[in-house]
Amino acid sequence: MGVTLLTGATGTLGSALRPRLSAAGHEVRAASRSPPDDGGTAEWVEVDLATGAGLDAALDDVDVVVHAATAPRGDTEAVDVDGTRRLLTAATEEAVENVVHPSIVGIDDIPYSYYEHKLTAERLVADSDVPSTVLRATQFHPFVHDLLGAVARLPVWPLPTRFENQPVDVGEVADAVAEYATVEAAGRVPDVGGPEVESVGELAKTYREVLGVRRPVLRLPLPGSTAAAFRAGHATCPDRAVGTVTWEEWLRKHRAGAG
Ligand SMILES: NC(=O)c1ccc[n+]([C@@H]2O[C@H](COP(=O)([O-])OP(=O)(O)OC[C@H]3O[C@@H](n4cnc5c(N)ncnc54)[C@H](OP(=O)(O)O)[C@@H]3O)[C@@H](O)[C@H]2O)c1
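Reference entry: report on the structure contained in this document. Note that this is a predicted model, so its numbers are computed, not measured.

1. Some points on the packing of aromatic side chains
Note on aromatic pairs: each is described by the distance of the centres and the angle between the planes.
Part 1 of the argument: Throughout the structure, instances matching the rule amount to six aromatic pairs.
Part 2 of the argument: On the numbers, 5.3 Å between centres and 50° between planes, the contact of Trp 157 with Tyr 207 is tilted. In this pair, Trp 157 is assigned in strand β7 (residues 157-159) and Tyr 207 in helix α7 (residues 200-211), connecting sequence segments 50 residues apart.
Part 3 of the argument: Looking at Trp 157, the relative accessible area reads 0%, which means it is buried.
Part 4 of the argument: Assessed through its relative accessible area of 6%, Tyr 207 is described here as buried.
Part 5 of the argument: With 5.1 Å between their ring centres and 5° between their planes, Phe 163 and Phe 230 make a pair best called stacked. Highlighted residues: Phe 163 in the loop between β7 and β8 (164-165) and Phe 230 in helix α8 (residues 225-231), separated in sequence by 67 residues. Residue Phe 163 shares its accessibility class with Phe 230, and that shared class is buried.

And the structure:
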């Protein structure tokens, strides 16, 4: 078996993938712009997908790529679209056997610019000469926690309470992604969603109870097609509620310092 390149190795998903891939016997080469700060045993290489710096060397002797890099708060076009294109070109030259691409549930139904870039990236992967595996997941618990936490600091809590969500444990997504990190590309594989579909209002209620937030929730009626798509549940996959860790369980663990 050759080397497994993990892009986005320091991210929420990448950090959960590193130990899993190593435990499964992969020789992991972790890539990102800054090194992991949690030690770990994997080799680390500096790669900037927005410029392509470090990419060719990172792909030396690689037969599987797990592409978990993304820039939701940065230049998503440069990283998620152009960076994915650069990665695929280098992977084709190296005759990589499988590019495993984690993606997001609902990106073809929700007109939101980050999701549009993710959809373009997903199509680049699927249409590439490199064999690939695409796995979509619903939103990770820490992402939902950070979104709610950001507004919980205001005197009132303005929330789009009717948005539908299905938060999932990032470890469970990493388990699924790691299973597909083999030399057998599998194409588009079944989505991975959390155990429960809940509205943002319900998620906020649990957040208040578990974390002791007392601020009143202010229903934020958001206009537009993006908000309508979130209200219609397009970010969820109730038929693929395969995750087992509920929002409440994750919050309680997180509060105790283990999340
Ligand atoms: N978060 C969610 O709720 C969620 C849900 C479903 C699917 N996903 C998907 O899961 C994957 C991982 O998401 P995540 O939430 O783990 O992301 P994340 O926590 O934001 O981590 C992003 C990673 O990408 C790296 N990165 C950013 N810009 C880069 C650049 N220019 N060049 C190279 N590396 C760069 C970051 O490291 P440096 O900054 O050090 O470079 C970091 O390791 C993505 O495909 C995402 O779409 C996420």
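2. Observations regarding the site of the ligand
Part 1 of the argument: Around the ligand, the structure places 29 residues, and the nearest of them are Thr 10, Leu 13, Arg 33, Lys 118 and Phe 140.
Part 2 of the argument: At 3.0 Å, a backbone N or O of Gly 11 approaches an oxygen atom of the ligand.
Part 3 of the argument: Between an oxygen atom of the ligand and a main-chain N or O atom of Leu 13, the distance comes to 2.7 Å.
Part 4 of the argument: Compared with its free state, where it exposes 890 Å², the ligand has 89% of that area covered by protein.

3. Regarding unusual backbone geometry
What is expected of a backbone is that most residues other than glycine have negative phi and most peptide bonds are trans.
Part 1 of the argument: You will see that Asp 61, though not glycine, has its phi angle at about 65°, which is positive.
Part 2 of the argument: Along the chain, Asp 61 turns up in the loop between α2 (55-58) and β4 (62-67).
Part 3 of the argument: Exposure remark for Asp 61: the relative accessible area of 56% places this residue in the exposed category.
Part 4 of the argument: Of note, the phi angle at Ala 95 is positive, near 55°, even though the residue is not glycine.
Part 5 of the argument: Relative to the helices and strands, Ala 95 resides in the loop between α3 (76-93) and β5 (98-104).

4. Here we look at the nonpolar core
Nonpolar side chains in soluble globular proteins generally cluster together in the buried interior.
Part 1 of the argument: With 26 residues, the main nonpolar core has Tyr 115, Leu 148, Trp 157, Tyr 207 and Trp 247 as its most contacted residues.
Part 2 of the argument: Of all the secondary structure elements, the ones that give two or more residues to this core are α4 (113-127), α5 (141-152), β7, α7, α8 and α9 (247-255).
Part 3 of the argument: Top element by residues in this core is α7. It accounts for five residues.
Part 4 of the argument: Leu 148 has contacts with Trp 157, Leu 159, Val 200, Leu 203, Ala 204, Tyr 207 and Trp 247, leaving out every residue within four places of it along the chain.
Part 5 of the argument: With 25 residues, the next largest nonpolar core counts Leu 17, Leu 135, Val 168 and Ala 176 among its residues.

The rules behind these values
The residue numbers shown here count from 1 along each chain, following its written sequence. Only residues with pLDDT of at least 70 get local features here, since the model is predicted, and only at 80 or more are side-chain atom pairs given and counted; chain-wide, interface and lining totals rely on the full set of residues. Hydrogens and water are ignored here; the side-chain numbers use all heavy atoms of the structure. Pairing of aromatic side chains here covers Phe, Tyr and the six-membered ring of Trp, requires ring centres within 6.5 Å, and sorts the geometry by plane angle: under 30 degrees stacked, over 60 edge-to-face, intermediate tilted. In DSSP terms, a helix is any run of H or I states spanning at least four residues, a strand is any run of E spanning at least two, and both are numbered starting from the N terminus. Exposure classes here rest on a 1.4 Å probe applied to the protein chains alone. A residue is buried below 20% of its type maximum, exposed above 50%, and partly exposed in between. Being near a molecule or strand, for a residue, means having at least one of its heavy atoms within 4 Å of it. Polar contact is defined as a pair of N or O atoms within 3.5 Å, subject to the rule that within protein one atom must be able to donate a hydrogen and the other to accept it, and that residues adjacent in sequence are counted only when both atoms are side-chain atoms. In short, Shrake-Rupley with a 1.4 Å probe defines the accessible areas, and a residue's cover is counted only from the protein chains shown. Note on terminology: a nonpolar core comprises buried Ala, Val, Leu, Ile, Met, Phe, Trp, Tyr and Cys residues joined through side-chain atoms within 4.5 Å. We call two residues in contact when some of their heavy atoms are within 4.5 Å.

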